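Report on the structure
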Amino acid sequence: MTDLPERPPAELDFDKPTIARAYDALLGGKDNFAADRALADHAVQHIPGLRESAVENRKVLVRGIRYLAGEAGMDQFLDLGSGLPTMENTHQVAQRENPDARVAYVDIDPLVSVHGRALLAENGNTRVTVGDVRDPAAILADPAVTALLDFSRPAVVMLVGMLHYLSPDVADDVVAAYRDVLAPGSHLFVTSLVDTGLPQQQELARIARESLEEGWARTPAEIEFHFGDFALVEPGVTYTALWRPDSPVDPQNLAPGEQLGMAGIARKT
Ligand code: SAM
């Protein structure tokens, strides 16, 4: 059984798009409403390859977790901004590598916890909680997190598809707070909308800010900055399709949807 949230879930308003539901619409999921689909369609019309980019983000999440739970030996995951359950959720990938892997899911969207609880009810090594990533003290003290994760041992903090929803005025302190609590040997896993000078990257950030309040494209150096003094694992911060791909990808021939996001994993030494 999963724990009930400490605080009541925020009001569910189906007339206003949310990040989690619009992303679900982009991925072709079923947990979205007309307003979310309208926003996803509007963004797709303006941003070539946006749907493919969302799929790429899920794929790199899977490869990253496979690496972390397998080769890197991680068995504790704090998935911040986890999104609505979809195919291949973090615990499913991690527990294939290590059946004892524990995953605490955190998202600001109350629908995530409604669906997450149903999905995870049978899994004792997972918890879902509603929370705001921008309040690290509250997240790290949340009973759903403390019941499952022991930060005196190595753990993984994930900000996958999430960093770009942290505005520049709060992001440095927020990410540092999560880095600081981690024990040596822990990892930080980030994917983010990137700014490499292509107009569609800042355009996507603008559409997100307009409709969802937050949305920030960062340069590769700005993304790398959030790893602090952690050591980046190979191949560093790259376009998501180029991060340990399952089959070779030509970096000179990336599709539009492969040039919207970057990924990186780093280890606390
Ligand atoms: N991590 C998943 C993935 O990569 O497939 C979902 C990414 S989705 C693009 C971003 C998620 O971050 C959404 O579910 C949204 O509700 C959540 N989110 C955005 N801002 C948040 C915040 N301040 N605190 C918690 N969750 C947040």
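Structure: above.
Residues numbered from 1 in each chain as written. Predicted model: local features only at pLDDT ≥ 70, side-chain atom pairs only at ≥ 80, totals over all residues. Heavy atoms only, no water.

**A few points about the pattern of salt bridges**
Counted by the stated rule, this structure contains eleven salt bridges. For Arg 153, the salt bridge goes to Asp 75, with nearest N and O atoms at 2.8 Å. Separated by 78 residues along the polypeptide, Arg 153 in the loop between helix H7 (143–146) and strand S4 (156–159) and Asp 75 in the loop between helix H3 (50–69) and strand S1 (76–80) bring together distant segments of the chain. Owing to a relative accessible area of 19%, Asp 75 belongs among the buried residues under this scheme. Where salt bridges share partners, they join Asp 132, Arg 134 and Glu 214 into one cluster. (Salt bridge = Lys/Arg side-chain N within 4 Å of Asp/Glu carboxyl O. Helix = DSSP H or I, 4+ residues; strand = E, 2+ residues; numbered from the N terminus. Buried < 20%, exposed > 50% of the residue type's maximum accessible area, 1.4 Å probe, protein only.)

**Describing the site of the ligand**
Around the ligand sit 20 residues in total, of which Tyr 23, Asn 57, Arg 58, Asp 107 and Val 160 are the nearest. Within the contact set of the ligand, an oxygen atom lies 2.7 Å away from a side-chain nitrogen or oxygen of Arg 58. The protein chains hide 97% of the 600 Å² of surface that the ligand would expose on its own. Put simply, the parts of the chain that give the shell around the ligand at least two residues each are helix H1 (19–26) and H3. (Near = heavy atom within 4 Å. Polar contact = N/O pair within 3.5 Å; in protein donor to acceptor, adjacent residues only side chain to side chain. Areas by Shrake-Rupley, 256 points an atom, 1.4 Å probe, with all protein chains shown as cover.)

**Notes on the packing of helix H2 (residues 34–46) against helix H9 (residues 199–212)**
As a packed pair, H2 and H9 sit with axes 10 Å apart at the nearest point and diverge in direction by 160°. With respect to their mutual orientation, H2 and H9 come out roughly antiparallel. In the crossing of H2 with H9, the sense of the turn from one axis to the other is right-handed. Between H2, through Leu 39, His 42, Ala 43 and His 46, and H9, the contact on the second element is made entirely by Glu 203, Ile 207, Ser 211 and Leu 212. Class assignment of the residues belonging to the contact of H2 with H9 gives a composition of four nonpolar, three polar and one charged. (Axes fitted to C-alpha atoms, helices over the stretch in contact; angles between N-to-C directions. Parallel < 35°, antiparallel > 145°, perpendicular 65-115°, else oblique. Left-handed = near helix turned anticlockwise from the far one by under 90°. Contact = heavy atoms within 4.5 Å. Nonpolar A, V, L, I, M, F, W, Y, C, P; charged D, E, K, R; others polar.)

**Thoughts on the nonpolar core**
If you look at the biggest cluster of nonpolar residues, it comprises 34 residues, and the most contacted ones within it are Leu 78, Leu 80 and Tyr 178. Elements represented by at least two residues in this core include exactly S1, strand S2 (102–107), helix H6 (136–141), S4, helix H8 (168–181), strand S5 (187–193) and strand S8 (261–267). Counting residues per element, this core draws most heavily on H8, at four residues. Filtering out sequence-adjacent residues up to four positions away, Leu 80 remains in contact with Val 106, Val 133, Ile 139, Val 157, Met 158, Leu 159, Val 160, Met 162 and Tyr 178. (Core = buried A, V, L, I, M, F, W, Y, C linked by side-chain atoms within 4.5 Å.)

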